Amino acid sequence: MRHEVTSVFRILYNSLRGAILAQKRAQEELKRLRAPLALAARNAQLRNRHAGERCFILANGPSVKQQDISLLKSEHVISVSSGYLHSDYAEIAPAYHCVPQITYGLMSRADVVAWFGEMHQKLGHAMLFLNYTEEPVVREEKLFPGRDVRYTVFAGGFSEYPTDALPDIASRIPAVQSVPVMSLMIAMYMGFSEIYLLGTDHDHFRTAEYKYSFEPTVLRGKDSTVDVGGKPHSWYAEFVGLARLWEQYRSIKQIAQHHGIRIFNATAGGELDEFPRVDFASLFPPAQMQSSAES
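An account of the accompanying structure is given in this report. Worth saying up front: this structure is predicted, and the values here are computed from it rather than measured. (Residues numbered from 1 in each chain as written. Predicted model: local features only at pLDDT ≥ 70, side-chain atom pairs only at ≥ 80, totals over all residues. Heavy atoms only, no water.)

## Overview of the overall build of the chain
Each helix and strand counted, the chain has 9 helices and 8 strands in total. Expressed as a percentage of the 295 residues in the chain, the buried residues total 46%. For the chain, long-range pairs separated by at least 24 residues make up 64% of all intrachain contacts whose partners lie at least 6 apart in sequence. Split by element, the accessible area of the chain, about 15,400 Å² in all, is 53% carbon and sulfur. (Helix = DSSP H or I, 4+ residues; strand = E, 2+ residues; numbered from the N terminus. Buried < 20%, exposed > 50% of the residue type's maximum accessible area, 1.4 Å probe, protein only. Contact = heavy atoms within 4.5 Å. Areas by Shrake-Rupley, 256 points an atom, 1.4 Å probe, with all protein chains shown as cover.)

Written as structure tokens, this is what we have:
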């Protein structure tokens, strides 16, 4: 009997101790993120600004070269990373541009400054989304003068967030494995009810090389996960990363379905199978297609 009582008390003690430690960690996390969350709070202005509209997320997979993206010039477009190097970028003039948290390694602070400088020259009037980790370099180097720069706060994974709640970009959001996931969270927050993905190929595990729809410039050779030919250094690391990425896409899909948001994959090929496929050309009236072909 004594042993059973002791076991019950031990279970209760461990449970209480675990709850206290978890609460302490949460408080420390909030303290650590106090300044970043103050930066992200501005994003509340963007909530539902595009309620009921459609948008296109233009990623950088080589499949984009097979599509006439000039059709997007009258659409809401979110571009990503070095996507301003697309040949038709100036014509379609995306309203938003996303860059995920930067991993420093082969990429130095000087490389980031050069990249951001090139980016600023090419982005037109796009609103720029960065993670809060890049705020110091932007502020200290006086980058992006005159541009509306917004900051997100990546913290934790999707498993730590409610599966039925829209990611709140004015607070904390899950960290991402790839920038289209960041773009999807921002698009959903802004109220887009139809979201189309372009250039989300994610097929380098089949092609054995990681390529873009354009030739890199200042970031050429700065990806530490691939060799100079674009082949991953470690397939183990790549497959682990792909598993996380697919989990994130599935989480996004579940959240979108809960809120009546439709996400489609309009990529020409590729391996992303979490969203229903749609033919990119079918999204535009024939007259617009003909006009684009003639111009």
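## Regarding the side chain of R150
Structurally, the position occupied by R150 is in strand β5 (residues 149-154). Accessibility expressed as a relative area gives 4% for R150, which makes it buried. A polar contact of 2.8 Å, which involves the side chain of R150, links it to the side chain of D148. (Polar contact = N/O pair within 3.5 Å; in protein donor to acceptor, adjacent residues only side chain to side chain.)

## Some remarks on the nonpolar core
Within the largest apolar cluster, 40 residues are counted, with the highest numbers of intra-cluster contacts made by F129, L184, I195, I252 and I263. Listed by contribution, the elements that provide at least two residues to this core are β1 (54-58), β2 (76-80), β3 (96-98), β4 (127-131), α6 (179-189), β7 (194-198) and α8 (235-258). In terms of residue count, the dominant contributor to this core is α6 (9 residues). Filtering out sequence-adjacent residues up to four positions away, F129 remains in contact with N43, L46, Y96, H97, C98, V99, R150, T152, I169, M182 and I186. Core analysis: the second largest hydrophobic core is formed by 20 residues, Y89, M119, L128 and L143 among them. (Core = buried A, V, L, I, M, F, W, Y, C linked by side-chain atoms within 4.5 Å.)

## Here's the deal with unusual backbone geometry
Not every positive phi belongs to a glycine, and S81 is a case in point at roughly 45 degrees. Structurally, S81 can be placed in the loop between β2 and α3 (89-92). The exposure class assigned to S81 is buried, which follows from its relative accessible area of 17%. In this model, A93 sits at a positive phi of 45 degrees, which is unusual for a non-glycine residue. Judged by relative accessible area, A93 falls into the exposed class, the value being 52%.

## Digging into α6
Extensive coverage of α6 is indicated by the burial of 11 of its 11 residues. Looking only at α6, the buried set comprises V179, P180, V181, M182, S183, L184, M185, I186, A187, M188 and Y189. The positive-phi residue at the C-terminal boundary of α6 is G191, with phi of around 95 degrees.

## What about the packing of aromatic side chains?
According to the stated counting rule, one finds 11 aromatic pairs in the structure shown. Here Y196 and F264 contribute two aromatic rings whose centre-to-centre distance is 5.2 Å and whose plane-to-plane angle is 15 degrees, an arrangement assigned as stacked. Highlighted residues: Y196 in strand β7 and F264 in strand β8 (residues 262-265), separated in sequence by 68 residues. As far as the burial class goes, Y196 and F264 line up, both buried. Directly above the ring of F284 sits R54, whose terminal nitrogen or CZ lies 5.5 Å from the centroid. (Phe/Tyr/Trp six-rings, centres within 6.5 Å; stacked < 30°, edge-to-face > 60°. Lys NZ or Arg CZ within 6 Å of the ring centre and 35° of its normal.)

## As for the sheet that holds β1
To summarise the sheet geometry, strands pair through backbone hydrogen bonds and adopt either a parallel or an antiparallel arrangement. Overall, parallel pairing links the 8 strands, which are arranged β6-β5-β4-β3-β2-β1-β7-β8 in an open sheet. Looking at strand neighbours, the two that pair on one side only are β6 (172-173) and β8, the edges of this open sheet. Two elements, β1 and β2, share 4 bridges in a ladder whose sense is parallel. Counted as the bridge partner of C55 is H76 from β2. (Pairing = 2+ DSSP bridges.)

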